[in-house]
Amino acid sequence: MRALVQPRFGDPAEVLSVQEVPDPEPGPGQVLVRVLLSPIHNHDLWTARGSYGFKPEMPARAGTEAVGVVERLGDGVDHLQVGQRVATGGTFGAWAELIVAPAAALVPVPDGMADEAAAQLVSMPFSAIALLDFLGLSEGDWCVQNAANGAVGRLVAQLARARGVHVLGLVRRAEGVDELAEHGIRDVVATDDDAWRDRVREIVGDAPLVAGVDSVGGAAAGDVVSLLAEDGVLVVFGAMASPTLEIASGDVIFKQVVVKGFWGSKVFAAMDRDKRSRLMGELADGLASGALTLPVERVYALDEIADAVRANQAPGRRGKVLLRP
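Reading guide: rules and limits
Residues numbered from 1 in each chain as written. Predicted model: local features only at pLDDT ≥ 70, side-chain atom pairs only at ≥ 80, totals over all residues. Heavy atoms only, no water. Phe/Tyr/Trp six-rings, centres within 6.5 Å; stacked < 30°, edge-to-face > 60°. Helix = DSSP H or I, 4+ residues; strand = E, 2+ residues; numbered from the N terminus. Buried < 20%, exposed > 50% of the residue type's maximum accessible area, 1.4 Å probe, protein only. Salt bridge = Lys/Arg side-chain N within 4 Å of Asp/Glu carboxyl O. Arc of directions from axis to C-beta. Contact = heavy atoms within 4.5 Å. Core = buried A, V, L, I, M, F, W, Y, C linked by side-chain atoms within 4.5 Å. Pairing = 2+ DSSP bridges. Axes fitted to C-alpha atoms, helices over the stretch in contact; angles between N-to-C directions. Parallel < 35°, antiparallel > 145°, perpendicular 65-115°, else oblique. Left-handed = near helix turned anticlockwise from the far one by under 90°. Nonpolar A, V, L, I, M, F, W, Y, C, P; charged D, E, K, R; others polar. Expected span 1.5 Å × (residues − 1).

J.: Account for the packing of aromatic side chains, naming residues and giving values.
T.: In the structure shown here, the tally under the stated rule is 6 aromatic pairs. With centroids separated by 6.1 Å and ring planes inclined at 35°, the aromatic side chains of W46 and Y52 adopt a geometry described as tilted. Ring geometry for F237 against F262: centres 5.6 Å apart, planes inclined by 35°, an arrangement best described as tilted. Here the residue F237 occupies a position in the loop between strand 12 (233–236) and helix 9 (249–255), and F262 occupies one in the loop between strand 13 (258–261) and helix 10 (264–270), the gap between them amounting to 25 residues. Given a relative accessible area of 21%, F237 falls into the partly exposed group. On the accessibility criterion, F262 (6% relative accessible area) is buried.

J.: Can you explain the pattern of salt bridges? Please cite residues and give values.
T.: As a working rule, side chains carrying opposite charge can pair if their charged atoms are close by. This model, assessed by the stated rule, comprises 11 salt bridges. R2 is the partner of E97 in a salt bridge, and the nearest nitrogen-oxygen pair spans 3.9 Å. With a gap of 95 residues between them, E97 in the loop between strand 5 (85–88) and strand 6 (98–102) and R2 in strand 1 (residues 2–5) connect regions that are remote in the sequence.

J.: Describe helix 7 (residues 196–204), listing the residues and the values that go with them.
T.: Every buried residue of helix 7 is listed here: W196, V200, I203 and V204. The buried residues of helix 7 occupy an angular sector of 80° when the element is viewed end-on, so they sit on one face. Structural note: helix 7 exposes D198 and E202 on the side pointing more than 90 degrees away from its buried face. Looking at the buried residues of helix 7, the elements they touch are strand 8 (142–145), strand 9 (166–171), strand 10 (188–190), strand 11 (209–214) and helix 8 (219–227). Once helix 7 ends, the next one or two residues include G205, with phi positive near 70°.

J.: Break down the nonpolar core for me, citing the residues and quoting the values.
T.: Residues M113, F126, L131, L137 and L159 are the most contacted members of the largest nonpolar core, which totals 41 residues. Breaking this core down by element, the ones donating at least two residues are helix 3 (115–118), helix 4 (123–135), helix 5 (151–163), strand 11, helix 10 and helix 11 (273–289). In terms of residue count, helix 4 provides more of this core than any other element does, 8 residues in total. Those residues in contact with L137, other than ones at most four positions away along the chain, are L132, C143, V165, V210 and A211.

J.: Kindly report on the environment of H43, identifying the contributing residues and their values.
T.: Following the sequence through the fold, H43 ends up in helix 2 (residues 42–49). Note on H43: relative accessible area 15%, which makes it buried. With 111 residues separating them along the chain, H43 and R154 place their C-alpha atoms 18 Å apart. Setting aside residues no more than four positions away along its own chain, H43 makes contact with Y52, T64, S123 and M124.

J.: Tell me about the sheet that holds strand 11, and name the residues and values.
T.: Spatially, the 6 strands line up as an open sheet ordered 10-9-8-11-12-13, and their pairing is parallel. Each end of this open sheet is capped by a strand with a single partner; those strands are strand 10 and strand 13. Across the sheet, the mean angle separating the axes of adjacent strands is 20° when strand polarity is ignored. Packed onto the sheet, helix 8 meets strand 8, strand 9, strand 11 and strand 12 and runs at close to 170° relative to strand 11.

J.: Describe the packing of helix 2 against helix 12 (residues 305–313), with residues and values.
T.: At a closest axis distance of 11 Å, the pairing of helix 2 and helix 12 adopts a crossing angle of 120°. Considering the angle they form, helix 2 stands oblique to helix 12. Handedness of the helix 2/helix 12 crossing: left-handed. For the pair helix 2 and helix 12, the contacting residues are N42, L45 and R49 in the first and V309, N312 and Q313 in the second. Residues belonging to the contact of helix 2 with helix 12 are distributed by class as follows: 2 nonpolar, 3 polar and 1 charged.

J.: Lay out helix 4 with the relevant residues and their values.
T.: Between the first and last C-alpha of helix 4 there are 18 Å, a value that for 13 residues agrees with the 18 Å anticipated at 1.5 Å per step. Counting buried positions over the 13 residues of helix 4 gives 12, a clear majority of the element. Of all the residues in helix 4, the buried ones are S123, M124, P125, F126, S127, A128, I129, A130, L131, L132, D133 and L135. G136 occupies a position one or two residues after helix 4 and carries a positive phi of about 65°.

Structural data, given as structure tokens:
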């Protein structure tokens, strides 16, 4: 089969290439899946660079999430059927024609859901709802997040609205405000406007911003902290622009701000089955009702990986970049 493989850590656009590798075989409790579509996530690219918490041995495959069709069942698997569509959010090596995944980790895809949405079903939506849950917000609370027009940012805003939580979104460009408005997401401010802090006050008024999410790093993290109320909490979710947080010590000291990290692998592992099921049900309801949207920027072939990586990093991207084996 064909799969994307890298011989060393480095720029994903340079080190990843299509290679012929042996077809995998499902063992007991496993399922062989033929991949239909697989998204590019930032953590996939960080892994390829060697800058993520998970560092595979080289040479290594890439990609973690996919939607596909069950090709073969391993011994002991009786709750899935050959030909059934399934999604996985944590199968390393997903950028390939075939993958083997634990049967227990596969999510059956509803018949009415498009492949493009199903390919994104597990990783980002579940991260978004787990992040929202992690913030511990109550109905009527206000929080602030940067990268509001990213995949997780959009989902957090949509999920929060269903819970009665208010989200102030920060984006870097004025175009991002209009883009989110097209998805029904309001209360967004572009920080390229010198008067952006005045606009924040117009939206929030005197309501305290009790929590913030930083997905950018650098000075953008400091912008979020500067808006937090006393005893506010900053949750660090990503580092799209910089691995370093530039936060004013006065904001931390005098407002008693707490800084916490969110890594899905740790949070998901500690989550009990009932909560996981409840959150996944909330996601399914949102997708079925149209309250949640999972837009796609473009679909690329595996051998177009360099172009796909560049498209993923391009400013103004309006949806996920997907790979089709």
